[in-house]
Amino acid sequence: MRKTNIVLSAALATGLLAAPVFAQAKKVEAQGKQVQADKTFEHGKPVDGSITLPGLDGKDHKLADYKGKVIVLDFWSFNCPISKRYEDKFKQLVKKYQGKEVVFLAIDSNKSEIDADAEDPYHQIRKYVEKEGVTMNVLVDKGNVIADRFGAKTTPHVFILDPKLVLSYQGSVDNDQRGQLGKEAMDFVSLAVDALLAGREVEHKKTTPFGCSIKRVTKIDG
């Protein structure tokens, strides 16, 4: 009987110890899957076409809906002087590629520019867009979820997708960080878009973005 009790006690102890170990293993596995799901998109590979963001036009914009076109994503801010300096440039780009298979989408990921408590959370963005005549569709990335997926750092920070949603360019609009080169600046966006429209490989695939940092929400690990 004594031997039986010892065996039972050992089995119970093993079970009690195994339960939390098993639970921890499952938690680590779940966290690993989440990290895998939320990792940043890789250059030269397709992005997630199911990404959908609300626009100021009252519509939801899904990346997959633009498949077959060159997609220019500009992480954008109405408070950043660098982003605002490129407003005219993007107006010129939108006009240049009008009628071609190119779409320009500005994405506002800044928590400071979304008024969550207001009846219209996007009223500040809307007011600026209407006043300045912004010609890109402006989308809102609440909680900077999409900025995190792309690894966007600044406003502006441009990401260009080919017609198959493959990430083909990422970086700055041009090489004119001080705004002094004028027509001598190297227009990375036009170079990339022209190459993709012609079915050619983009020459300048990655450049260093510059501008204001994206004002992100504080992420709480759980």
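Above: the structure in question.
Just so it is clear, the structure is predicted and the values come from calculations on it, not from any experiment.

Asker: Tell me what's going on with the environment of V47, and back it up with residues and numbers.
Answerer: One can find V47 in the loop between helix 1 (2-37) and strand 1 (52-54). Filtering out sequence-adjacent residues up to four positions away, V47 remains in contact with F41, L63, F150, L161, L165 and L167.

Asker: Explain the side chain of E87 to me, using residue names and the numbers behind them.
Answerer: When you line up the elements, E87 lands in helix 3 (residues 87-96). Despite its burial, E87 pairs with no opposite charge, the nearest such side chain being K91 at 5.9 Å. When neighbours within four sequence positions are excluded, E87 is seen to be in contact with W76, Y128 and V134.

Asker: Account for the sheet that holds strand 5 (residues 137-140), with residues named and values stated.
Answerer: Spatial strand order, 5-4-3-7-8: 5 strands in an open sheet with mixed pairing. Edge strands, defined here as strands with exactly one partner in the open sheet, are strand 5 and strand 8 (167-171). Across the sheet, the axes of successive neighbouring strands diverge by a mean angle of 20°, strand direction being ignored. Looking at chain direction, strand 3 (residues 70-75) and strand 4 (residues 102-108) are connected through 6 bridges and run parallel.

Asker: An account of the pairing of strand 5 is requested, with residue identities and associated values reported.
Answerer: One ladder, built from 4 bridges, connects strand 4 with strand 5; its direction is parallel. Residue pairing for strand 5: L105 is matched across the bridge by N137. Handedness of the β-α-β unit built from strand 4, helix 4 (residues 123-132) and strand 5 comes out right-handed.

Asker: Give a description of empty space enclosed by the protein that names residues and reports values.
Answerer: The final tally for this structure, using the stated rule, is 1 cavity of 30 Å³ or more. Its volume calculated, the largest cavity comes out at about 50 Å³. Forming the boundary of the largest cavity are I51, L53, H61, L63, L73, I107, L139, I146 and F150. Partitioning the lining of the largest cavity into residue classes produces 8 nonpolar, 1 polar and no charged.

Asker: Describe the environment of N175, listing the residues and the values that go with them.
Answerer: With respect to the helices and strands, N175 occurs in the loop between strand 8 and helix 6 (188-197). Sequence-wise, N175 and T207 are 32 residues apart; in three dimensions their C-alpha atoms are separated by 8.6 Å. When sequence neighbours within four positions are dropped, the list of residues in contact with N175 reads L181, A185, M186 and F188.

Asker: Got a sec to walk through the nonpolar core? Specific residues and values, please.
Answerer: Counting residues in hydrophobic clusters, the biggest one holds 33 residues, and the most contacted among them are V72, W76, F90, I125 and I160. By residue number, the principal contributor to this core is helix 6, which donates 6 residues. Ignoring sequence-local partners within four residues, the contact set of V72 consists of F90, V102, V103, F104, L105, V158, F159, I160, V189 and V193. Core analysis: the second largest hydrophobic core is formed by 22 residues, F75, I107, L139 and A152 among them.

About the thresholds
Residues numbered from 1 in each chain as written. Predicted model: local features only at pLDDT ≥ 70, side-chain atom pairs only at ≥ 80, totals over all residues. Heavy atoms only, no water. Helix = DSSP H or I, 4+ residues; strand = E, 2+ residues; numbered from the N terminus. Contact = heavy atoms within 4.5 Å. Buried < 20%, exposed > 50% of the residue type's maximum accessible area, 1.4 Å probe, protein only. Lys, Arg positive; Asp, Glu negative; His and termini not counted. Salt bridge = Lys/Arg side-chain N within 4 Å of Asp/Glu carboxyl O. Pairing = 2+ DSSP bridges. Axes fitted to C-alpha atoms, helices over the stretch in contact; angles between N-to-C directions. Right-handed = clockwise from strand over helix to strand, strands pointing away. 1 Å grid on protein atoms, 1.4 Å probe; cavity = no way out; pocket = protein on both sides within 12 Å on 5 of 7 lines; lining within 4 Å. Points joined across faces, edges and corners; volume = space filled by probe spheres on them. Nonpolar A, V, L, I, M, F, W, Y, C, P; charged D, E, K, R; others polar. Core = buried A, V, L, I, M, F, W, Y, C linked by side-chain atoms within 4.5 Å.

Purely geometric numbers; function is a separate question.
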